[in-house]
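Next come the chains, spelled out residue by residue.
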Amino acid sequence: MLARSKWMMAGIAALTAAVIWAVAAPAAQASAAEADTPPAVSATSPSAAEVEALQYMREEEKLARDVYLALYEEWQLPIFQTIAGSESQHMEAMLTLIEKYGLTDPAAGKAEGEFTNPELQALYAQLVAQGSKSAVDALKVGATIEDLDIADLMEALENMTSDDIRFAMENLLRGSENHLRAFMRNLERTGDTYEPQYLDAETFAEILEGQTGRMGARGRGARWDDNGRGRGMRWQ
C-alpha cells in the first residue's frame, strides 16, 4: 500500500512538472522571439516623406527583381534567381505597409519590366542592356543595384518616425547589404571588382566587412552563401 502511494505521488509530481513546462515553454519562446516581432502599425498617419519612401522603394525593389530575372534568363547564374526571390519578399513588405495605410501602389498592374516612375523605367532598360554584355557585367549590375538600394534606404531612414515603417526599411537594408556582399564575392572569383557609385568608399568597405552597425546589427552577412541564400534569417 505504501509502495503504491509513493508511486502515485511520483506520478502526480511528474504530471505537475509537465504542466508547468507546458505553460512556461511557450512564454519563454515568445520572449525570445519578441525582438524579431515587427511593431504594430503606428497610431498616426505616415508623413509625406514616409509615403514617398514607401512608394518609391516598392518600385525600386521591383526594379531589382525584374533586372535579376532578366539576367538569370540570359546567363543562368543561380545568384540572380535566388536574390530575385528575396526582392519579391521586399516588394511584399512594402506592399503590406502601403495597403495598411491605404496608399496607392505604384506597382499595381505593372508587368515585369514596367514601372510608374519614369526614372526607374529608364534605369531598368539601361541595366538590362549593360548586364546582357557578359556574365561579369551582369554581376556588376547586381552590385550597382544593391549599391543604389542601400544608399536610398539609408537616406529614407533619416526621415522615418513611424516604428513599423522603420522596422521594414531596416530589414530591407540588411537584406541589400547581404546581397551586395554576395555579388562582390562572385565578382572577386572572376578576378574583377566593382567600385561604388552611390555609397561613399568608407561605408561601402564597412558593408563588405560585414559591419552593419548603423542599423545595430553587425556581421549578419556571415549568414549568407555566395548565391545570396540566407540561413535562418527572417528577412532576405
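This one's a predicted model, so the numbers in the text were calculated from it and none came from an experiment.

Asker: Help me out: how do you make sense of the environment of Asp-147 in this one?
Answerer: Within the element layout of this structure, Asp-147 appears in helix H5 (residues 135-157). Excluding residues within four positions of it along the chain, Asp-147 makes contact with Tyr-194, Pro-196, Gln-197, Tyr-198 and Leu-199.

Asker: Would you explain the nonpolar core in this entry?
Answerer: Generally speaking, nonpolar side chains in soluble globular proteins are found buried as a group. Core analysis: the largest hydrophobic core is formed by 51 residues, its most contacted members being Leu-63, Val-67, Tyr-68, Phe-80, Met-94, Met-169 and Phe-183. Going through the elements one at a time, helix H2 (48-75), helix H3 (78-100), helix H4 (118-131), H5, helix H6 (163-189) and helix H7 (201-208) are the ones with two or more residues in this core. Per-element accounting of this core gives the leading share, 12 residues, to H5. Those residues in contact with Met-94 that sit more than four places away from it in its chain are Leu-54, Met-57, Arg-58, Ala-168, Met-169 and Leu-172.

Asker: Hey, could you run me through the environment of Thr-144 in this one?
Answerer: Inspection of the secondary structure assignment puts Thr-144 in helix H5. Accessibility expressed as a relative area gives 7% for Thr-144, which makes it buried. Taking the C-alpha atoms as reference, Thr-144 lies 10.0 Å from Ala-64; in sequence the two are 80 residues apart. Residues in contact with Thr-144, not counting those within four places in the same chain, are Leu-127, Tyr-194, Gln-197 and Tyr-198. A polar contact is formed between the side chain of Thr-144 and the backbone oxygen of Lys-140, at a distance of 2.8 Å.

Conventions used here
Residues numbered from 1 in each chain as written. Predicted model: local features only at pLDDT ≥ 70, side-chain atom pairs only at ≥ 80, totals over all residues. Heavy atoms only, no water. Helix = DSSP H or I, 4+ residues; strand = E, 2+ residues; numbered from the N terminus. Contact = heavy atoms within 4.5 Å. Core = buried A, V, L, I, M, F, W, Y, C linked by side-chain atoms within 4.5 Å. Buried < 20%, exposed > 50% of the residue type's maximum accessible area, 1.4 Å probe, protein only. Polar contact = N/O pair within 3.5 Å; in protein donor to acceptor, adjacent residues only side chain to side chain.

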